[in-house]
Amino acid sequence: MASFSISPSSSSSFTSRSRCLCSKPRPSKPFLLLLASPYRTALSSSFLSSVRVRIAFRCPSLRVPPSSSIRASVQVPAGIRPGSGVETDKLPSDVRDRAMEAVDYYGGRVTIGDVASKTGLKLNEAERALQALAADTGGFLEVSDEGDVLYAFPKDYRSNLAAKSFRMKVEPFINKMKAAAAYLIRVSFGTALIASIVLVYTTIIVLISSSRSDTEDNRGRRGGRSYGSDFTVIFHPTDLFWYWDINYYRRRQMKTDGGMNFVESVFSFVFGDGDPNQGLEEERWKLIGQYISSNGGVVAAEELAPYLDVPPIEETQDDESFVLPVLLRFQGYPEVDDQGNILYRFPSLQRTASSQRAGRKEYVGKRWTEWVNGVEKYFEEKKWLFSKTGASEKAMVIGLGALNFFGIIVLGSMLKEISVAPGGLVSFVSQLFPLLQIYASSFFAIPLFRWFLLLKTNKDIEKRNRARKQRAQILDLPDPSLRGKLLNARDMARRTVISSDRIVYTTEKDFLDQDYETRDWDERFRELEK
């Protein structure tokens, strides 16, 4: 969680200047008001190096008008300066989009922990994204009475960013071009099968017809039999492109039968239909972040196990090393409770601008899927399918593939017995024949290799899913020891909602406009002295 810290040293990256309004020594207590907690993530060094705060202190024996209580100014970091370029264009598209979705979800007012828990981004990625969005869209920072920093965005920040970012303007066109290119590659393999069959059997017919031609042909008498271009081909390979439909995927999404055309079936049979778990890793970290945030930022390793790649329970009992990736991603650390149990605290996920309800003690071990604010019970990977084609389509693809393979064998034996004259169809096919052989062989070799590979892959997926499901079942009915551990985690949890009335400073206004009466400072001094 980013927060301000004030150092009295002028050589510090975050500088402060103070001026007492009387001859008495100035108080040092105000320095503690915006001091960051040691467990909170500080703002990036580039950001802190450019922030300069000036505070005018009140002498203990002299009351000062409220307008002269505080004066501050905040500058944008040198690395993120409005007008020097569009900072969000430097972010990966998925990081930018996920951060914007989180901002929209929380109503335009977020902490770094809110974005990280909602999107599954690393804390430094979330911070960088929020800083870039704030610099490009006119967003501003808010500081709470405990030094927590929030990012607030105007309602039209998306339109402001779209008007400024050239990358966001061209991205839809680029994505359409990528989709079109992917579709052309996909259908080209099926087209190649039809083209191969046509070329192979047309050449076989030409050779058979030529062998029965006039034996008095002079070209046929010299050097054995020679075959040229006496056969006229009225079929052009480009005629195969008439059935290509670049909008196929869009229409397919509207279908309910899930069918695919023939050329799609060819590619699906040979290469499959892609990773069924694409984007699932992002969903995994979303689940983990939301679970931790929903439970006050303190959880046990047993609670995270259903979302991670853990070994079966019978193989390991006390090994909690699987938690390490979560600690690194969300900057957590272990703590020991009064009973000697190891729990894990994530301070950045304990500070939020949202008032959503956190997990409560009375739900420990009861209806576990419902009290985590809709978070899945455990993370489940999908098994790979060999092909999504129907039985009839698959039979047609296999039949045509076998027909092409048989034709390649026959044509290969015929070409060995003849001498081919330059030019013409036979010469063209003979030059192309090595590629046709590779295509015919790989048509069945690749699916066979995939079949064996998918057997092992799906076996591993099933093993991981079973291990995560076992861990989730333990949480459904925890034993007394685990139940006590979970209850201690709920006791140690702390979820702080930073509402608007807790904001002591915002970059949206000058400090002169942010009027604080002297009694507010006195109350804060008393709280700090306790």
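Residues numbered from 1 in each chain as written. Predicted model: local features only at pLDDT ≥ 70, side-chain atom pairs only at ≥ 80, totals over all residues. Heavy atoms only, no water.

## A word on the pattern of salt bridges
Taken as a whole and judged by the stated rule, the model has 29 salt bridges. A salt bridge links Arg 351 to Asp 148; the shortest N-O distance between them is 2.4 Å. Residue Arg 351 is located in strand S11 (residues 351–352), and its partner Asp 148 is located in the loop between strand S5 (140–144) and strand S6 (149–152); the two are separated by 203 residues in the primary sequence. Several salt bridges converge on common partners, so that one network encompasses Asp 145, Glu 146, Asp 148, Arg 351, Arg 494 and Arg 502. (Salt bridge = Lys/Arg side-chain N within 4 Å of Asp/Glu carboxyl O. Helix = DSSP H or I, 4+ residues; strand = E, 2+ residues; numbered from the N terminus.)

## Some remarks on the sheet that holds S6
In space, the 4 strands of this open sheet follow the order S4-S6-S5-S14, with antiparallel pairing throughout. With partners counted over all chains shown, the strands left at the sheet margins are strand S4 (109–110) and strand S14 (503–506), one partner each. With 2 bridges connecting them, S4 and S6 associate as antiparallel partners. Paired with Val 110 across the strands is Tyr 151, a residue of S6. (Pairing = 2+ DSSP bridges.)

## Some details on the UniProt feature "transmembrane region" (unreviewed entry) in the protein
Sequence positions flagged by UniProt for "transmembrane region" (unreviewed entry) are, in local numbering, residues 183–207, 395–415 and 435–455. Between the first and last C-alpha atoms of residues 395–415 the distance is 30 Å; the span itself is 100% helix and 0% strand. (UniProt positions renumbered as here; feature names shortened; annotations may be inferred.)

## A short note on the pairing of S5
Along S5, 5 of the 5 residues are buried, which leaves the element largely enclosed by surrounding structure. The side-chain alternation of S5 yields two buried faces, one formed by Phe 140, Glu 142 and Ser 144 and the other by Leu 141 and Val 143. For S5 and S6, the ladder comprises 4 bridges, and the chain directions are antiparallel. Counterpart to Val 143 in the pairing with S6 is Val 149. Following S5, the chain reverses through 4 residues before pairing antiparallel with S6; Gly 147 in that reversal takes a positive phi of roughly 90°. Across 3 bridges, the pairing between S5 and S14 is antiparallel. Bridge pairing links Ser 144 to Ile 503 in S14. (Buried < 20%, exposed > 50% of the residue type's maximum accessible area, 1.4 Å probe, protein only.)

## Side note on unusual backbone geometry
With the exception of glycine, most residues fall at negative phi, and the peptide bonds are largely trans. At Gln 331, a residue that is not glycine, the phi angle is positive and equals roughly 55°. Relative to the helices and strands, Gln 331 is located in the loop between helix H12 (324–330) and strand S9 (333–336). Look at Gln 331 and you get partly exposed, because its relative accessible area is 34%.

## Focus on the packing of helix H6 (residues 166–211) against helix H9 (residues 262–271)
Relative orientation of the contacting elements H6 and H9 amounts to 95°, with a least axis distance of 8 Å. Looking at the two axes, H6 sits roughly perpendicular to H9. For the pair H6 and H9, contact is made by Tyr 183, Ile 185, Arg 186, Val 187, Phe 189, Gly 190, Thr 191, Leu 193 and Ile 194 and by Phe 262, Val 263, Glu 264, Val 266, Phe 267, Ser 268, Val 270 and Phe 271, respectively. For the contact of H6 with H9, the per-class residue count stands at 12 nonpolar, 3 polar and 2 charged. (Axes fitted to C-alpha atoms, helices over the stretch in contact; angles between N-to-C directions. Parallel < 35°, antiparallel > 145°, perpendicular 65-115°, else oblique. Contact = heavy atoms within 4.5 Å. Nonpolar A, V, L, I, M, F, W, Y, C, P; charged D, E, K, R; others polar.)

## Structural notes on a nonpolar patch on the surface
A cluster of nonpolar side chains, Leu 448, Trp 451, Phe 452 and Leu 455, forms an exposed patch at the surface whose accessible area comes to about 440 Å². With respect to the helices and strands, the residue Trp 451 is situated in helix H14 (residues 424–476). (Patch = residues over 30% accessible without salt bridge, like charges linked within 9 Å, V, L, I, M, F, W, Y side chains within 5 Å. Areas by Shrake-Rupley, 256 points an atom, 1.4 Å probe, with all protein chains shown as cover.)

## Considering the packing of aromatic side chains
Across all of its chains, the model carries 13 aromatic pairs by this definition. Between the aromatic rings of Trp 285 and Phe 330, the centroid separation amounts to 6.1 Å while the plane-to-plane angle is 70°, which identifies the pairing as edge-to-face. Placement of Trp 285 in helix H10 (residues 280–294) and of Phe 330 in helix H12 is noted, with a sequence separation of 45 residues between them. A single burial state applies to Trp 285 and to Phe 330, both of which are buried. Aromatic pair Tyr 439 and Phe 443: ring centres 6.1 Å apart, planes at 45°, arrangement tilted. Linking Tyr 439 with Phe 443, this pair stays in helix H14, spanning 4 residues, or about one helical turn. No difference in accessibility class separates Tyr 439 from Phe 443, as the two residues are buried. Connected via pairs of aromatic rings, a cluster forms that spans Phe 189, Phe 267, Phe 269, Phe 271, Phe 386, Tyr 439, Phe 443 and Phe 444. (Phe/Tyr/Trp six-rings, centres within 6.5 Å; stacked < 30°, edge-to-face > 60°.)

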